[in-house]
Amino acid sequence: MAATEPVITLKNFFERAREGALTAVRCGKCSALAIPPKEFCESCHQRAWEPVALSGQGTIASYTIIRVAPARHAAEAPYAVAVVQLKEGVSLLGRIVDLPLDKLQVGLPVKFRPLVVNSQTALGFGPA
Ligand SMILES: [Zn+2]
């Protein structure tokens, strides 16, 4: 079955993220980048992934300030989630940390940082 396994599974992706490393996969057929890892390439529908280590550096492409959060995050509101355009060209949704909400703007440089809470790893971005 090894041949049909994606090179980086979502589990691997979050294990590496927890250690501070962002890993994307690059399609061996058409060179499209995907993050988090997907089963098939969205561009050419092949499964020929190769892992690619990302720098974790990017800029805010868009963001939303969450003022009324889901119950498990209620105590943390308000907070921001942003789509970050990574230097390598792919975008990733993450929670903004350690940045004042009134400083947020499109184009602001940010850097990936893992958010580990109760053994769950989430994607965060803080000051670059
Ligand atoms: Zn492809």
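In what follows, the structure referred to is the one given above.
Here's a quick rundown of the structure. (Residues numbered from 1 in each chain as written. Predicted model: local features only at pLDDT ≥ 70, side-chain atom pairs only at ≥ 80, totals over all residues. Heavy atoms only, no water.)

**Regarding unusual backbone geometry**
And then number 1: Cis geometry marks the peptide bond from I35 to P36, where omega comes out at -10°.
And then number 2: As for its position among the elements, P36 is in the loop between β2 (33-34) and β3 (49-54).
And then number 3: With an omega of 0°, the peptide bond between A77 and P78 qualifies as cis.
And then number 4: Although it is not a glycine, D98 sits at a positive phi angle of roughly 60°.
And then number 5: Mapped onto the fold, D98 is located in the loop between β6 (91-96) and β7 (109-117).
And then number 6: Exposure remark for D98: the relative accessible area of 59% places this residue in the exposed category. (Helix = DSSP H or I, 4+ residues; strand = E, 2+ residues; numbered from the N terminus. Buried < 20%, exposed > 50% of the residue type's maximum accessible area, 1.4 Å probe, protein only.)

**As for the coordination of the zinc ion**
And then number 1: In this structure, C27 (SG), C30 (SG), C41 (SG) and C44 (SG) serve as the protein donors to the zinc ion, at separations of 2.2 to 2.3 Å.
And then number 2: Each of the 4 donor atoms around the zinc ion contributes to a set of angles spanning 104 to 114°, which defines the coordination as tetrahedral.
And then number 3: Taken in sequence order, the residues that donate to the zinc ion follow the motif C-x2-C-x10-C-x2-C.
And then number 4: Given the relative accessible area of 2%, C27 is considered buried. (Donors = N, O, S within 2.8 Å, 3.2 Å for Na, K, Ca; no water. Tetrahedral: all angles 85-135°; square planar, octahedral: opposite > 155°, others 65-115°.)

**Things to note about the pairing of strand β8 (residues 120-127)**
And then number 1: Where β6 and β8 come together, 2 bridges link them in parallel fashion. Paired with R95 across the strands is G124, a residue of β8.
And then number 2: Two strands pair when backbone bridges link them, and β7 and β8 are joined in this way by 8 bridges, in the antiparallel orientation. Bridging from a neighbouring strand, F112 pairs with F125 of β8.
And then number 3: In this structure, the hairpin formed by β7 and β8 is closed by a connection of 2 residues, where N118 is found at a positive phi of approximately 50°. (Pairing = 2+ DSSP bridges.)

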